[in-house]
Structures are given as structure tokens and as C-alpha cells.
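These are the residues of each chain, in order.
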Amino acid sequence: MAGPPRVVARARTAVRAHLTARLEQLADDTGAGHLSPRVLVGVSGGADSLALLATTAWVAARMGLETEALIIDHGLQADSAGVAERAAEASRRLGAAHTTIRRVEVGTAGAGGVENAARRARHAAFTQRLDETGALALLLGHTLDDQAEQVLMGLARGGGPRAMAGIPPVRGAILRPFLGAERDESTALRRADTEEICRVHDVEWWEDPMNEDPALLRSAVRHRVLPLLREVLGEQIDENLARAAALIGPDVEHLDAEAAARLEELRRDGGELREDGDLLLLDAYALASVPAALRTRILRDASRRAEQEAGTPSDKSLLRRHVLAAEALVVSWHGQAGVPLPGRIEVARRDGLLVWRRLDP
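Here the residue numbers are simple positions, counted from 1 along each chain's written sequence. With pLDDT at 70 or above as the cut-off, local features in this predicted model cover only qualifying residues; side-chain atom pairs require 80 or more to be listed or tallied, and sums for whole chains, interfaces and linings still use all residues. Values shown for side chains rest on all heavy atoms present in the structure; no hydrogens or waters enter the calculation.

A. Highlighting the overall build of the protein chain. To qualify as a helix, a DSSP run of H or I must reach at least 4 residues; to qualify as a strand, a run of E must reach at least 2; elements of each kind are numbered from the N terminus. Looking only at helices and strands, the protein chain features twelve helices and ten strands. We compute the radius of gyration over the C-alpha atoms and compare it with the globule rule, which gives 2.2 Å times the number of residues raised to the power 0.38. Relative to the compact-globule value of 21 Å for 361 residues, the protein chain shows a C-alpha radius of gyration of 23 Å, a close match. In terms of overall dimensions, the protein chain has C-alpha extents of about 75 × 55 × 40 Å along its principal axes. Per-residue burial for the protein chain yields a buried fraction of 48% across its 361 residues. Between two residues, a contact is recorded if the distance between any of their heavy atoms is within 4.5 Å. Restricting the contact set of the protein chain to residue pairs at least 6 apart, pairs at least 24 apart contribute 70%. Note on areas: Shrake-Rupley, 1.4 Å probe, and residue coverage restricted to the protein chains presented here. When the accessible surface of the protein chain is summed, it comes to about 17900 Å², and 52% of that surface belongs to carbon and sulfur atoms. Accessible area is worked out with a 1.4 Å probe on protein chains only. A residue is then buried under 20% of its type maximum, exposed over 50%, and partly exposed in between.

See the structure below:
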């Protein structure tokens, strides 16, 4: 008997590898006993997510797991509710044991415009559903094409290593099997592969009109910039951009983890030095001895944590100039004033400490 088409077999291998790794990780986690034998798949109705749903339903059933299609209705198009219902029907036909539709509110204010607002709303819904179901993983259908676009946008914005590392294939319970295993871009699937999988399963997919909107950055990169780069630099440019992310990603993850650990070591409770309005205190002298690659990460993470503790989130993003100004309080201290940060807070130096505090209203 002939086996499945090669592209279907590749997709199944990718999904099985990610689910197996997740189960092995959870087996070592003593706090994971409350999780259910369920996996969620984020489904938009597009080819990527439907191909992932079909693949996951097949693999999960053979691993003793059930699959739930989680459909997010962003409400950004006139027929968004109809699109969500059709995605749910397709998911049931493809083997999903459960289908859930969540309507989210997408604001247009803040950094990144509607694209970033939609992503934040979507991921908040993902996190909520993971908590509600106790599912052991959420799978998303990003492909190598998405990774290439993400890296290129990070470069265009002047982003640092984290931006150039692109989309992580694994982040906690969130798995993206089609980005490849162990950051190995050679095992990744392309957008054309997911369309072929949908044709194999005789399922029609939805084309998001936002993907064709030239006013949106990702659409412009997809339809104008990357085709030009392929013409000038060669058809392998997508794979090369994804490979760059695969090379940078492990370094970024290591440095971020090291910075998080050092941040905890540098924290001080303040004692008698703590004043009303203080949010976070670090030992400035000890921080000065930390290598610059870690020091800037510590300052970035501390500033974001202080904003969260202040409870005054800002539409503005923490920028490199903020981090460098905070670093100057550590490495070139000469009595300068504090540095205002997003979220109505500031960081200042006081009595050998770096202090994040609320600004007076």
C-alpha cells in the first residue's frame, strides 16, 4: 500500500518530533500533572493552519492525544464571523475533536499598528485557552516563508539579535513545527507545502485580505521586497534568512537566560534605602562589572518588569536609546538626572543603586 505523499509525511514527522519533545519535557516537570492529554491548534482558516490541523489531528490520535481547533475571530473584516465558522467546519472534517471560536477586540493604537494589536489580542486568547483546558501544547502554523519575512523586517527596523532570531520554533507550550526541528531550517515547510497538504485533504482555505494589503509591512515584504530579493540575490534568499535565524536563535536564548539569572542576583530589597514609589532596585556597582552583552539585556528586562509592576502600561515601546541612557547611569556615572521610561516610570542612580520608580502624575 502506498504511503502518504511526501509533503504530508514530512509534516507528520515535524509535528510528531515537536509533540514528543514536549511530552519528554513535561515528564521531567513535577508541576505538569494537572495538564490534560489535549493539544490546541491555532486555526485561521488559511492554508498554513488547516494543514497543521490536519497533520496534528492525525499524529495526536496515534499518540493518545485529542486535538482542539482554536479559531480566533479578530473582527477585522465584514464576514469575520462567517470565516471563523467555515474554519471550524473544516477543522471538524479534518479530525479535530473539539472546535472553539474566540472573538477578540483589536485596538489600533500603540506601537506596530493593527498588526501588532491583532497579534497581542490573539496571543492573550491563546494563553487563556491553554489555562482553561490544561492543554499540554498550542501549535501554530508558521512556515519558513514567515520566518524569512520576520527576519527581514527585523533587519529593516534595525533590530538587535532577538529580532534577527525571528520566530522561535518553541517557546514554552507554544510549538511551531513547520519552522523545523531544533532550529534546523532544512526540515521546515514552505507555504507552498501547506497548500499542497490542503489539496491532498481536499480542503479549501481562506485567503486573508490583510495579506494583500500593501499598506501593511508584512504584505509589502511578502509581495514586493522578497520577490525583488529573489530576483537579485537568488531564489535561496528565504532559506538563507531562515538559516540566519537558526544560527542566531540559540545564542539569543542563552544570553537572555543568563541575563534573567543575573538580574535576580543583582536585585536588592533596599531596606532603609527603599523609598515610596520604588519599583525595582539593582546593585549598580555589581552591574558595572557585568559584560555589556548581558548588562543591556538586564537593563531591558528590569525596565519592562518595573513597567509591569507599576501597572501603567504604555503605548510606547522601550527603545535602545532608553537602555543606553540607563546604562550610562552605571558605566559613566557623573551625577546625571534619571532617565524617563515608557509607562510613567524612570530609572535613576541613588546610593550605589539603580532604582526604577514611579513618576509623579
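Additional details are given in the paragraphs that follow.
B. Fine view of the sheet that holds strand 6 (residues 174-175). Ordered by their spatial adjacency, six strands build an open sheet running 3-2-1-4-6-5, and the pairing between neighbours is mixed. Of all strands in the sheet, those with a lone pairing partner are strand 3 (98-103) and strand 5 (170-171), marking the two edges. For two strands to pair, DSSP has to find at least two bridges joining them. Where strand 4 (residues 135-139) lies against strand 6, two bridges are found, and the strand directions are parallel. Looking at the pairing, Leu-139 lines up with Leu-175 of strand 6. Across the face of the sheet, helix 1 (residues 6-27) comes into contact with strand 1 (36-43), strand 4, strand 5 and strand 6 while running at roughly 145° to strand 4. Axis definition: a line fitted to C-alpha atoms, over the contacting stretch in the case of helices. Angles run 0 to 180 degrees between N-to-C directions.

C. Structural view of the side chain of Arg-300. Structurally, Arg-300 is set in helix 11 (residues 292-310). Counting of polar contacts relies on pairs of N or O atoms within 3.5 Å, with two restrictions inside protein: one atom must be capable of donating a hydrogen and the other of accepting it, and residues adjacent in sequence are counted only when both atoms are side-chain atoms. A polar contact of 3.2 Å, which involves the side chain of Arg-300, links it to the side chain of Asp-256. In contact with Arg-300, not counting residues within four places along its chain, are Arg-162, Asp-256, Leu-318 and Val-323.

D. Here's a closer look at the pairing of strand 2 (residues 66-73). In terms of residue burial, strand 2 counts as a mostly covered element, since seven of its eight residues are buried. Pairing geometry for strand 1 and strand 2, over six bridges, is parallel. Each bridged residue has a counterpart across the sheet, and for Arg-38 the counterpart in strand 2 is Glu-66. Here a crossover is taken to be right-handed if, once the strands point away from the viewer, the path from the first strand over the helix to the second is traced clockwise. The β-α-β motif built from strand 1, the intervening helix 2 (residues 47-62) and the parallel element strand 2 has right-handed crossover chirality.

E. Structural view of the nonpolar core. Of all hydrophobic cores here, the largest spans 36 residues; its most connected members are Val-39, Val-43 and Leu-139. Considering each element in turn, this core owes the most residues, eight residues, to helix 2. Each residue touching Val-39, except ones within four places of it in the same chain, is listed here: Leu-19, Thr-56, Ala-60, Leu-65, Glu-66, Thr-67, Glu-68, Leu-136, Ala-137 and Leu-139. What we call a nonpolar core is a set of buried Ala, Val, Leu, Ile, Met, Phe, Trp, Tyr and Cys residues that are connected through their side-chain atoms within 4.5 Å. The next biggest cluster of nonpolar side chains, apart from the first, holds 25 residues, and it includes Leu-282, Ile-298, Ala-302 and Trp-356.

F. Layout of the sheet that holds strand 10 (residues 353-358). Reading across from one edge, 7-10-9-8 is the order of the four strands in this open sheet, with antiparallel pairing throughout. At either end of the open sheet lies a strand with only one pairing partner, and these are strand 7 (278-283) and strand 8 (339-341). Geometrically, the sheet is characterised by an average inter-axis angle of 25° between neighbouring strands, direction not taken into account. Sheet topology places strand 8 next to strand 9 (residues 345-350); three bridges connect them, and they run antiparallel. Paired with Pro-340 across the bridge in strand 9 is Glu-346. On top of the sheet, helix 11 reaches strand 7, strand 8, strand 9 and strand 10; it is set at about 30° to strand 10, its chief contact.

G. Up close: a nonpolar patch on the surface. Together, Leu-228, Val-232 and Leu-233 make up a nonpolar patch on the protein surface, roughly 300 Å² of accessible area in all. Following the sequence through the fold, Val-232 ends up in helix 8 (residues 217-233). By relative accessible area, Val-232 is classed as exposed at 59%. For patch detection, residues must exceed 30% relative accessible area and be free of salt bridges, and they are connected within 9 Å for like charges or within 5 Å for nonpolar side chains (Val, Leu, Ile, Met, Phe, Trp, Tyr). Between Lys or Arg on one side and Asp or Glu on the other, a salt bridge is scored when a side-chain nitrogen of the former is within 4 Å of a carboxyl oxygen of the latter.

H. View of helix 4 (residues 113-133). With 21 residues, helix 4 extends 31 Å between its outermost C-alpha atoms, agreeing within 8% with the 30 Å of an ideal straight helix rising 1.5 Å per residue. Within the sequence span of helix 4, burial applies to Ala-117, Ala-118, Ala-121, Ala-125, Phe-126, Arg-129, Leu-130 and Thr-133. On its buried face, helix 4 is in contact with strand 1, strand 2, strand 3 and strand 4. Taken from the residues just after helix 4, Gly-134 is the one with a positive phi, measuring 70°. What a helix is expected to span follows from its residue count: subtract one and scale by 1.5 Å.

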